[in-house]
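Residues per chain, in single letters:
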Amino acid sequence: MINQSIAALAAYGLRCGLIQEEDRIYTINLLLDLLHLDDYEEPTDQAQTALQPLETILGNICDYAYEQGIIEDNGVVYRDLFDTRLMNCLVPKPSDVIRTFREKYAHSPKEATDYYYKLSQDSDYIRRYRIEKDIKWVAETEYGPIDITINLSKPEKDPKAIAAAGRAKQSGYPKCLLCVENEGYAGRVNHPARENHRIIPITICGQPWGFQYSPYVYYNEHCIVLNTEHVPMTIDRAVFEKFFDFLRQFPHYMICSNADLPIVGGSILSHEHFQGGCYEMPMARAAVEKKITIPGYEDIETGILKWPMSVIRIKGRDQSRLVDLASHILSTWREYTDEEAFILAYTDGVRHNTITPIARRRGEDYELDLVLRNNITTEDRPLGVYHPRNEYHHIKKENIGAIEVMGLAILPSRLRDELALLAEYILEKKDIRSNEILEKHADWVDAFMPDYHDINQDNVMEILKHETGKVFAGVLEDAGVFKRTPEGRTYFDRFVSSL
């Protein structure tokens with residue numbers, strides 16, 4: 001049985017192009033060593049072996065490793081650590097991957113990223129079979145279609161693994177999940193394995209950076225561009241210059257950055273990085289609802305977006321002029337206070353204003369969206385004044401980062417089962433408040449039920465999805481510093497007049 005699984009994994013490597021025929025015996029011997037085996041016999045049914053999907057192959061080998069005591073625990077954390085070691089036996093060395101990437105880049109940037117994205121999936125660094133489990137749909141809103149996802153690709157840690165991680169010796173290597181030292185790292189119970197991970201070195205504004213894909217790919221070719229130095233996130237003029245340098249090298253990608261402050265920033269503020277990819281986000285399709293002119297920058301197309309958050313879009317061909325204007329807007333916003341609008345740049349010397357920037361190409365033009373952010377908190381809004389309100393927490397409580405700012409919701413995995421159970425309760429007219437898991441959704445359901453005269457088996461899930469999309473649009477409105485009301489528009493205009 002184990003011989004068949006070993007042969008199947010080698011066959012998978014050949015089929016995907018991870019290894020060549022000349023590498024097959026060498027690869028099998030590496031796998032034998034990991035499995036503490038001295039003998040190997042080729043299976044007779046090679047045809048059946050060659051057809052097995054990767055998830056099945058790795059699952060069978062991990063089962064064997066656990067039975068033989070090679071893996072100490074059969075939970076997902078330990079299995080992931082081990083099957084990543086298995087896959088590393090098939091993945092080319094970093095220098096080989098970099099050489100191939102550069103050869104393909106010489107033909108076209110897209111050919112290079114196509115190769116690298118496929119490699120990142122074939123190597124199981126991006127686990128296709130988990131990503132496929134994510135639930136996705138498009139919700140129509142007054143701002144246009146927005147993308148909703150329920151993320152199921154991050155495996156839930158079992159209690160034993162969580163306890164083991166708590167007992168594990170804390171290590172400062174790698175310093176964080178974005179450091180280049182993760183490439184090839186074996187991992188531990190409190191740090192994912194990255195032995196099958198390869199990073200492409202690129203140069204951004206004369207400095208060494210790394211280019212890789214996110215293992216969780218929230219959208220097509222979801223990439224991460226990371227500083228090779230472990231330095232904190234900072235939104236400044238240099239960020240805009242780095243964006244445009246990246247877009248010159250990868251014109252088919254967009255690029256964005258999380259803000260550089262807690263609450264409105266990303267989960268890793270300690271390491272400078274950007275995110276990008278080959279995907280048109282809903283915000284990119286949003287229209288300019290009000291054109292504006294900023295003195296001294298009349299040559300640049302500038303406007304306010306029709307979007308739930310407060311966004312200024314600038315567009316032009318001259319990148320240096322765009323950098324100048326973006327820097328001007330950023331520096332003005334950082335120091336901007338409007339007490340009537342409850343925009344406070346500082347309290348007790350702590351800065352609150354920043355920007356979430358997004359950039360893309362439009363033919364020969366460059367387009368930059370500047371999303372105004374503020375992370376102030378109050379006693380009654382301890383998670384943030386410009387953060388989802390409590391009545392939305394049954395759907396979304398987490399911080400709103402760059403991806404969600406652009407209109408792609410990343411909702412918690414619990415919603416898969418909760419929405420399915422909620423549909424059952426609605427159809428059977430059960431008391432939602434009687435269920436401790438569902439009771440947090442009760443007020444929400446009470447509010448939208450009168451809008452639907454006929455809820456049945458065929459439409460109940462579509463209704464729940466549509467209403468979930470409306471909640472997410474409300475979440476983004478909450479994150480907007482200038483509300484989409486006559487009063488809020490007046491405040492936004494007041495800021496624009498200060499530029």
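Here's what I pulled together on the structure shown here.

What about the pattern of salt bridges?
Thinking step 1. Applying the stated criterion across every chain yields a total of 42 salt bridges.
Thinking step 2. In this structure, the salt-bridge partner of Asp-80 is Arg-127, at a minimum N-O distance of 3.6 Å. Of this pair, Asp-80 sits in helix α5 (residues 76–88) while Arg-127 sits in the loop between α7 (109–122) and α8 (128–131), placing them 47 residues apart in sequence.
Thinking step 3. One salt bridge connects Asp-324 with Arg-237, and the closest N-O pair in it is separated by 2.6 Å. Here the residue Asp-324 occupies a position in helix α12 (residues 319–334), and Arg-237 occupies one in helix α10 (residues 237–249), the gap between them amounting to 87 residues.
Thinking step 4. Accessibility expressed as a relative area gives 38% for Arg-237, which makes it partly exposed.

Considerations on the environment of Ala-47
Thinking step 1. Here Ala-47 shows up in helix α3 (residues 46–50).
Thinking step 2. Once the C-alpha coordinates of Ala-47 and Pro-412 are considered, the two residues, 365 residues apart in sequence, prove to be 41 Å apart.

Observations concerning the environment of Asp-431
Thinking step 1. Along the chain, the position of Asp-431 falls in the loop between α14 (414–427) and α15 (442–448).
Thinking step 2. The exposure class assigned to Asp-431 is partly exposed, which follows from its relative accessible area of 47%.
Thinking step 3. Separated by 11 residues in sequence, Asp-431 and Ala-442 place their C-alpha atoms 8.7 Å apart.
Thinking step 4. Within the structure, Asp-431 has its side chain in polar contact with the backbone nitrogen of Arg-433 (distance 3.0 Å).

A look at helix α1 (residues 2–16)
Thinking step 1. Compared with the 21 Å implied by 1.5 Å per residue over 15 residues, the 21 Å span of α1 between its first and last C-alpha is a close match.
Thinking step 2. Most of α1 is tucked away: 11 of the 15 residues are buried.
Thinking step 3. Considered for burial, the residues of α1 that qualify are Ile-2, Ser-5, Ile-6, Ala-7, Ala-8, Leu-9, Ala-10, Ala-11, Tyr-12, Gly-13 and Cys-16.
Thinking step 4. Tucked into the core, α1 has its buried residues touching α2 (24–34), α3, α4 (54–67), α5, α7 and α8.

Some points on α7
Thinking step 1. Between its first and last C-alpha atoms α7 spans 20 Å; for 14 residues at 1.5 Å apiece the expected length is 20 Å, and the two agree.
Thinking step 2. All buried positions along α7 are accounted for by Ala-112, Thr-113, Tyr-115, Tyr-116, Tyr-117, Leu-119, Ser-120, Gln-121 and Asp-122.
Thinking step 3. Positioned one or two residues after α7, Asp-124 has a phi angle of 75°, which is positive.

Conventions and cut-offs
Residues numbered from 1 in each chain as written. Predicted model: local features only at pLDDT ≥ 70, side-chain atom pairs only at ≥ 80, totals over all residues. Heavy atoms only, no water. Salt bridge = Lys/Arg side-chain N within 4 Å of Asp/Glu carboxyl O. Helix = DSSP H or I, 4+ residues; strand = E, 2+ residues; numbered from the N terminus. Buried < 20%, exposed > 50% of the residue type's maximum accessible area, 1.4 Å probe, protein only. Polar contact = N/O pair within 3.5 Å; in protein donor to acceptor, adjacent residues only side chain to side chain. Expected span 1.5 Å × (residues − 1). Contact = heavy atoms within 4.5 Å.

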